[in-house]
Amino acid sequence: MTELSRIRSILFVPGDSAKKLSRSASLPADLILIDWEDAVAEANKPDARSVTQRALPSIRGEGRPVLVRPNSPTSAWFAEDCAALRRSQPDGVVIPKCESVGDVDLAAEGLPGLGIIVPLIESPLGVLRAAELASCSDRVKALLFGAEDYCVESRIRRTEGEPEVTFARSSVVNAARAMRKQVFDSPPMQYEDLAAVRRAATRGRQLGFTGQAAIHPAQLPAINGAYSPSAAEVEEAKTVLRRFEEHGGGVYSVQGSLEDYPMVREALAVLERAGEST
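Thresholds, definitions, all that
Residues numbered from 1 in each chain as written. Predicted model: local features only at pLDDT ≥ 70, side-chain atom pairs only at ≥ 80, totals over all residues. Heavy atoms only, no water. Helix = DSSP H or I, 4+ residues; strand = E, 2+ residues; numbered from the N terminus. Polar contact = N/O pair within 3.5 Å; in protein donor to acceptor, adjacent residues only side chain to side chain. Contact = heavy atoms within 4.5 Å. Pairing = 2+ DSSP bridges. Axes fitted to C-alpha atoms, helices over the stretch in contact; angles between N-to-C directions. Patch = residues over 30% accessible without salt bridge, like charges linked within 9 Å, V, L, I, M, F, W, Y side chains within 5 Å. Areas by Shrake-Rupley, 256 points an atom, 1.4 Å probe, with all protein chains shown as cover. Salt bridge = Lys/Arg side-chain N within 4 Å of Asp/Glu carboxyl O. Buried < 20%, exposed > 50% of the residue type's maximum accessible area, 1.4 Å probe, protein only. Disulfide = S-S within 2.5 Å. Expected span 1.5 Å × (residues − 1).

A word on the side chain of Asn71. Looking at where Asn71 falls in the secondary structure, it is placed in the loop between strand 3 (66–69) and helix 3 (78–88). At 3.5 Å, the side chain of Asn71 and the backbone oxygen of Trp36 are in polar contact. Engagement of the side chain of Asn71 in a polar contact is seen with the side chain of Asp81, the distance being 2.8 Å. Sequence-distant contacts of Asn71, defined by excluding residues within four places in its chain, comprise Trp36, Glu37, Lys45, Trp77, Phe78, Asp81 and Pro96.

In structure tokens, the structure reads:
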């Protein structure tokens with residue numbers, strides 16, 4: 001089954017655009033998420049299914065995961081979406097507006113053996129049930145937070161840095177981490193202000209997200225950079241491991257600060273994320 005532990009960036013691509021799907025094959029996204037829901041007008045839903053089926057082989061040729069966001073399991077389009085997904089066989093699905101285990105069950109039943117399931121948490125109820133959603137199936141490998149719908153339903157008016165959404169973001173991260181799943185942040189809406197994209201991605205990583213979605217190719221380098229350990233972080237991780245070995249483990253002092261095994265675990269995680277062996 002597809003693993004998501006090394007995914008930094010997830011690019012949303014409209015499923016009814018053959019041009020954009022074709023272009024996505026050469027973009028530096030770690031995962032392609034083909035959207036059949038919000039990005040596709042009702043009249044174009046059938047086109048999205050057929051266009052996606054034709055495009056999938058070339059996108060897959062890059063050797064990265066390809067997921068599809070179908071319409072909601074409770075929508076009138078879901079049965080036809082499932083039939084199309086069984087034909088096209090992506091690596092898994094993202095369930096929009098996921099609020100209950102029943103939503104996951106409907107996806108699992110409609111798509112037996114298809115692959116991974118990622119609940120998209122974009123409502124107050126979804127946030128409250130995030131741990132339940134993360135743990136309800138072995139096929140659930142990650143959670144994805146959706147800030148836009150969440151803020152509309154919560155009547156939140158965001159300001160610079162979005163401190164108003166910190167509780168929801170941290171709740172989703174905590175739920176995913178508690179269940180040993182990956183967790184991805186909502187895409188920034190800016191695609192021309194790349195400094196703002198970089199700030200949003202840096203904030204997400206600091207809150208504990210493992211990666212972030214993007215709505216435009218221009219956002220990908222900033223997101224990939226923010227979620228990749230820097231050269232300084234890699235060197236510091238190696239130094240922590242060297243000091244730990246020199247001291248024979250336990251707790252020890254370094255320039256007035258203590259180091260112990262949790263810092264070693266973090267150092268190992270940094271090196272794994274950077275693709276370096278220990």
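Following the structure, the description resumes.
On to the sheet that holds strand 1 (residues 9–14). The strand order 1-2-3-4-5-6-7-8 describes a closed barrel built from eight strands, whose pairing is parallel. Across the sheet, the axes of successive neighbouring strands diverge by a mean angle of 25°, strand direction being ignored.

On the surface, a cluster of nonpolar side chains totalling about 260 Å² of accessible area is made up of Met189, Tyr191 and Ile215. By relative accessible area, which is 36% here, Ile215 ends up partly exposed.

Moving on, we come to the state of the cysteines. This model, assessed by the stated rule, comprises zero disulfides. Distance from the sulfur of Cys151, which forms no disulfide, to the nearest cysteine sulfur (Cys98) is 19 Å. Take Cys151: its relative accessible area is 4%, and that puts it in the buried class.

Note that Ala134 resides in helix 6 (residues 130–135). The spacing of Ala134 and Ala176 is 42 residues in sequence and 6.0 Å in space, taken between C-alpha atoms. Setting aside chain neighbours within four positions, we find Ala134 in contact with Val140, Leu143, Ala175, Met179 and Lys181.

The first and last C-alpha atoms of helix 12 (residues 261–274) sit 20 Å apart over 14 residues, in line with the 20 Å expected at 1.5 Å per residue. When helix 12 is considered as a whole, its buried residues turn out to be Val264, Ala267, Val270, Leu271 and Arg273. Buried residues in helix 12 make contact with strand 8 (211–214) and helix 11 (231–247). Looking one or two residues beyond helix 12, the residue adopting positive phi is Gly275, at roughly 75°.

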